[in-house]
Amino acid sequence: MSLDAETLRIWSPFSYGADGEHVGVYVEKRGSRVYVTDNAEALMHASAMGIKITDRRVDAVRRAASAVNISRSGVISTTVDGSQMHEGVVAVLNAALAVGHFETAWAPRVRAESFTKVVGDILETELRERLLRDVQVTGASGHQLELPFAIQGKVELIYLQPVAAEDDRVNWTNVYSGFGKMTDLKNAGAESGTRVVVLEDAPGDPEMSKAVSLLAMSATVVQFPKLRQWVQRHAA
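Computed from a predicted structure; not experimentally measured.

Caption draft 1: Fine view of the side chain of Ser77. With respect to the helices and strands, the residue Ser77 is situated in strand β5 (residues 76–81). The exposure class assigned to Ser77 is buried, which follows from its relative accessible area of 11%. Each residue touching Ser77, except ones within four places of it in the same chain, is listed here: Tyr35, Val36, Thr37, Val68, Asn69 and Val92.

Caption draft 2: Broad picture of the pairing of β5. Bridge analysis of strand β3 (residues 33–37) against β5 gives five bridges, and the strand direction is antiparallel. Bridging from a neighbouring strand, Val34 pairs with Val80 of β5. When strand β4 (residues 69–70) meets β5, the two strands line up antiparallel, connected through two bridges. Bridge pairing links Ile70 to Ile76 in β5.

Caption draft 3: Representation of the sheet that holds strand β7 (residues 144–152). Strand order across the open sheet formed by five strands is β6-β7-β8-β9-β10, with mixed pairing between neighbours. If you trace the sheet from one side to the other, it starts and ends with β6 (131–138) and β10 (220–223), each paired once. Each adjacent strand pair in this sheet contributes to an overall mean axis angle of 40°, direction not counted. Judged from the five bridges that link them, strand β8 (residues 157–163) and strand β9 (residues 195–199) form a sheet pairing that is parallel. Bridge assignment links Leu160 to a residue of β9, and that residue is Val196. Of the strands in this sheet, β6, β7, β8 and β9 are in contact with helix α5 (residues 172–187), which crosses β8 at around 165°.

Caption draft 4: Here's a closer look at the pattern of salt bridges. Counted by the stated rule, this structure contains 11 salt bridges. Among the ionic pairs, Asp59 bridges to Arg62, the shortest N-O distance being 2.6 Å. Of this pair, Asp59 and Arg62 both sit in helix α2 (residues 55–64), three residues apart, which is roughly one turn of that helix. The exposure class assigned to Asp59 is partly exposed, which follows from its relative accessible area of 31%. Among the residues examined, Arg62 registers a relative accessible area of 31% and is labelled partly exposed. Where Glu207 meets Lys210, a salt bridge forms, and the shortest distance between an N and an O atom there is 3.2 Å. Note on Glu207: relative accessible area 25%, which makes it partly exposed.

Definitions and cut-offs
- Residues numbered from 1 in each chain as written.
- Predicted model: local features only at pLDDT ≥ 70, side-chain atom pairs only at ≥ 80, totals over all residues.
- Heavy atoms only, no water.
- Helix = DSSP H or I, 4+ residues; strand = E, 2+ residues; numbered from the N terminus.
- Buried < 20%, exposed > 50% of the residue type's maximum accessible area, 1.4 Å probe, protein only.
- Contact = heavy atoms within 4.5 Å.
- Pairing = 2+ DSSP bridges.
- Axes fitted to C-alpha atoms, helices over the stretch in contact; angles between N-to-C directions.
- Salt bridge = Lys/Arg side-chain N within 4 Å of Asp/Glu carboxyl O.

Spelled out as structure tokens, the structure:
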């Protein structure tokens with residue numbers, strides 16, 4: 001599709017992610033050279049998917065696509081000789097596709113699932129058959145609460161809820177979700193020692209102490225680096 005005498009819009013058969021939106025680039029003639037760009041559409045697509053675009057994530061795309069330039073505002077681009085237009089288009093498309101691949105790993109849901117898996121692996125190693133997965137329990141609200149883990153104690157179950165961070169920062173959506181579950185359990189009469197939150201560490205985030213204080217109102221808070229020691233001391 002021609003936008004004007006100097007600019008061409010090219011669509012590829014590839015898409016960013018599961019929504020099927022196709023990856024495209026703009027090609028602009030600048031004298032004897034050609035400027036190729038995605039006009040920041042790849043990273044804007046990721047942002048529209050609910051992904052937080054950080055400097056760290058932009059740097060990850062830069063490492064994966066070193067043949068192009070990526071600005072702080074997320075514009076992927078390269079300038080090449082007119083005879084190398086094909087190579088320039090391919091380079092920008094590859095960088096945009098790299099963003100599409102990163103979207104899967106960057107999605108908050110996937111990050112939380114990944115952290116839950118790591119927590120589960122540690123619990124499995126330490127507890128073996130005493131570890132229960134995908135446990136349902138009725139809260140004071142009358143709702144069925146789903147928790148990924150419970151430990152079969154000597155007298156009663158110990159319920160565990162992982163709370164993942166995001167980009168080394170507190171994810172307040174996950175914190176409030178964990179707080180809500182544990183408060184519902186608390187109000188249903190679950191003893192204090194049977195309500196445990198495993199909080200992913202975010203040591204550089206000043207909000208970390210606030211997250212710990214809030215969660216501690218409804219459960220025992222175990223910060224992830226100390227999980228194995230906690231299991232050995234309190235759940236063995």
